Amino acid sequence: MSITVVIPTYNRKKTLGQALDSLINQTLPPAEIILVDDGSTDGTAYWARKEYPQIKILEQGNQGVSAARNAGIQEVTTDWIAFLDSDDLWMAEKLERQMGALEESPDYRVCHTEEQWVYRGKHKPVAAPYVKQGGWIFERCLPVCAISPSTVLIHKTVFEEVGLFDETLPACEDYDLWLRICSRMPVLLVKEALIEKHGGHQDQLSSQWGLDKWRIQALQKLLEEEHLNDEQRVLAERQLKRKCLIYAQGLEKHGNSEQADGYKAIAAKL
């Protein structure tokens, strides 16, 4: 049961070192680490080759985090794939705890963990909607991104079944993937905070207004899939309506009444 870790990065040389150190110091070392430099202009690839010669480095023009993760996934030869964002870090026993849990529950193909939040260098409580859950968590995935990429360990066959990250989404690409996964299968939760999730950076997409636009797109795409059961479809439509109305309110506040009317029209049909 070998593991490859994929790290997408873009101009994060200042935080990348601690992320890579947290991988190298795992009590269960990964078989391979693939760093995907998504067009950085701060010398990331040169620096990483010098400081971490043991890792594999891919370079590409700036295409976004989904394209970077997908490029890494396509290079993986192991059965299991883990992700680490270049501003987060893992606790030393992260992979060991997850692989131990999967050995005890071999029917699962997706495993994630609890997390600690660090915002601008200070620890803060995890907000209630983001407290992690295990099992069939599709309903939990509808309002927010219920799985953090840096916590997850996924068998490669899952991507063969549901597809890769959606490169047309500039944000909320993980929200989209978890919907596709969790509508099909349960996930295993290790009830330990085994990563530090760092926030507060100016370049973080998650801090920007208007992300519901991309969640709406993900929900619309999901509802086109045939595998949803009746209950899942009702829940997804209900959430789509709610997000359309909330996003329409935001658009109106920003003076975009015409766009707001379009989202209200979508909600009215549900």
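Whatever comes next refers back to the structure up there.
Residues numbered from 1 in each chain as written. Predicted model: local features only at pLDDT ≥ 70, side-chain atom pairs only at ≥ 80, totals over all residues. Heavy atoms only, no water.

Take the environment of Asp176 next. Counting through the fold element by element, Asp176 comes out in helix α7 (residues 173-182). Between the C-alpha atom of Asp176 and that of Gln217, which follows or precedes it by 41 residues, the distance is 8.7 Å. (Helix = DSSP H or I, 4+ residues; strand = E, 2+ residues; numbered from the N terminus.)

One non-glycine residue, Asn11, adopts positive backbone phi at about 55 degrees. Along the chain, the position of Asn11 falls in the loop between β1 (3-9) and α1 (13-24). Overall, the relative accessible area of 28% leaves Asn11 in the partly exposed class. (Buried < 20%, exposed > 50% of the residue type's maximum accessible area, 1.4 Å probe, protein only.)

The next subject is the nonpolar core. Formed by 53 residues in total, the largest nonpolar core has its most connected members in Phe83, Val110, Ile154, Phe159, Trp178, Leu179 and Ile181. Per-element accounting of this core gives the leading share, seven residues, to helix α9 (residues 230-253). Look past the residues within four positions of Trp178 in its chain and what remains in contact with it is Cys141, Cys145, Ile147, Ser148, Pro149, Val152, Ile154 and Ser183. One finds Leu20, Ala101, Leu102 and Val190 within the second-largest nonpolar core, a separate group that totals 28 residues. (Core = buried A, V, L, I, M, F, W, Y, C linked by side-chain atoms within 4.5 Å. Contact = heavy atoms within 4.5 Å.)

Within the secondary structure, His198 is located in strand β9 (residues 188-199). Placed 191 residues apart in sequence, His198 and Ile7 show a C-alpha to C-alpha distance of 15 Å. One polar contact links His198 to Glu196, side chain to side chain, over a distance of 3.1 Å. (Polar contact = N/O pair within 3.5 Å; in protein donor to acceptor, adjacent residues only side chain to side chain.)

Quick look at the pattern of salt bridges now. Summed over the entire model, instances satisfying the criterion amount to 17 salt bridges. Across the pair Glu59 and Arg49 runs a salt bridge whose closest N-O atoms are separated by 3.0 Å. With Glu59 in strand β3 (residues 56-60) and Arg49 in helix α2 (residues 44-51), this pair connects stretches of sequence that are 10 residues apart. Given the relative accessible area of 53%, Glu59 is considered exposed. Overall, the relative accessible area of 42% leaves Arg49 in the partly exposed class. Measuring nitrogen to oxygen at the nearest pair gives 3.3 Å for the salt bridge that ties Glu115 to Lys132. Of the two residues, Glu115 is situated in strand β6 (residues 110-119) and Lys132 in the loop between β7 (122-124) and α5 (138-141); the sequence distance between them amounts to 17 residues. Classification of Glu115 by relative accessible area gives buried; the value is 5%. (Salt bridge = Lys/Arg side-chain N within 4 Å of Asp/Glu carboxyl O.)

A word on the packing of aromatic side chains. The tally for this structure, following the rule as stated, stands at six aromatic pairs. Ring centres of Phe83 and Phe159 lie 6.2 Å apart, and the angle between their planes is 85 degrees; this geometry places the pair in the edge-to-face category. Separated by 76 residues along the polypeptide, Phe83 in strand β4 (residues 80-83) and Phe159 in helix α6 (residues 156-162) bring together distant segments of the chain. As far as the burial class goes, Phe83 and Phe159 line up, both buried. Centre to centre, the rings of Phe159 and Phe165 are 6.4 Å apart; their planes meet at 40 degrees, and the pair counts as tilted. Judged on exposure class, the residue Phe159 and its partner Phe165 are both buried. Among the aromatic side chains, those forming a connected cluster through ring pairs are Phe83, Phe159 and Phe165. It is Lys124 that lies over the ring of Tyr119; its NZ or CZ is 5.1 Å from the centre. (Phe/Tyr/Trp six-rings, centres within 6.5 Å; stacked < 30°, edge-to-face > 60°. Lys NZ or Arg CZ within 6 Å of the ring centre and 35° of its normal.)

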